[in-house]
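Reading the structure
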Amino acid sequence: QQDFSSFAQNTFLLQKDHQEDSEMLHGQVATLEDQLAAAKKQLEASQQGLDNFQLQMQRLAQQLEQQQVLQKAQEKVSQSMRSDLAGLEHRAWEEFASK
């Protein structure tokens, strides 16, 4: 009877240990699941930020390209005006010299 009592006590203690371990593991799993959910939210926010940044960079690249096109057009107009002015100045000197 002492063996049975000892066996029953050991069984009870093992079950108690098993239950405590199981509860501890469930708590750890719940904590890890919460951490995973938080990490997923952070990843989604980071991805959204990256997407927004890439879109902004594309817009800036387009604006830069437009500015470069405008600058080239302005340089051509400016060069044409300088050429016209030089031609007018030359004609003015020719008229002045002929009088």
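Everything discussed here concerns the structure shown above.
Below, the structure is looked at part by part. (Residues numbered from 1 in each chain as written. Predicted model: local features only at pLDDT ≥ 70, side-chain atom pairs only at ≥ 80, totals over all residues. Heavy atoms only, no water.)

1. Overview of the overall build of the chain
What the chain contains, in helices and strands, is 1 helix and 0 strands. Taken over the C-alpha atoms alone, the chain extends approximately 145 × 15 × 10 Å along its principal axes. By residue count, 0% of the 99 residues in the chain fall in the buried class. Summed over its atoms, the accessible surface of the chain is roughly 9,600 Å², and 57% of this surface lies on carbon and sulfur atoms. For the chain, the separation between the mean place of its 9 positive charges and that of its 15 negative charges on side chains is 19 Å. (Helix = DSSP H or I, 4+ residues; strand = E, 2+ residues; numbered from the N terminus. Buried < 20%, exposed > 50% of the residue type's maximum accessible area, 1.4 Å probe, protein only. Areas by Shrake-Rupley, 256 points an atom, 1.4 Å probe, with all protein chains shown as cover. Lys, Arg positive; Asp, Glu negative; His and termini not counted. Charge placed at Lys NZ, Arg CZ, Asp CG, Glu CD.)

2. So, a nonpolar patch on the surface
Taken together, the side chains of L50, F53, M57 and L60 define a hydrophobic patch exposed on the protein surface, amounting to about 370 Å² of accessible area. Residue position: M57 is located in helix α1 (residues 2–98). For M57, a relative accessible area of 42% gives the class partly exposed. (Patch = residues over 30% accessible without salt bridge, like charges linked within 9 Å, V, L, I, M, F, W, Y side chains within 5 Å. Salt bridge = Lys/Arg side-chain N within 4 Å of Asp/Glu carboxyl O.)

3. So, a negative patch on the surface
Taken together, D17, E20, D21 and E23 make up a surface patch of like negative charges. With respect to the element layout, D17 can be found in helix α1.

4. Regarding the environment of Q54
Structurally, the position occupied by Q54 is in helix α1. Counting along the chain gives 28 residues from Q54 to R82, while the straight-line C-alpha distance between them is 41 Å.

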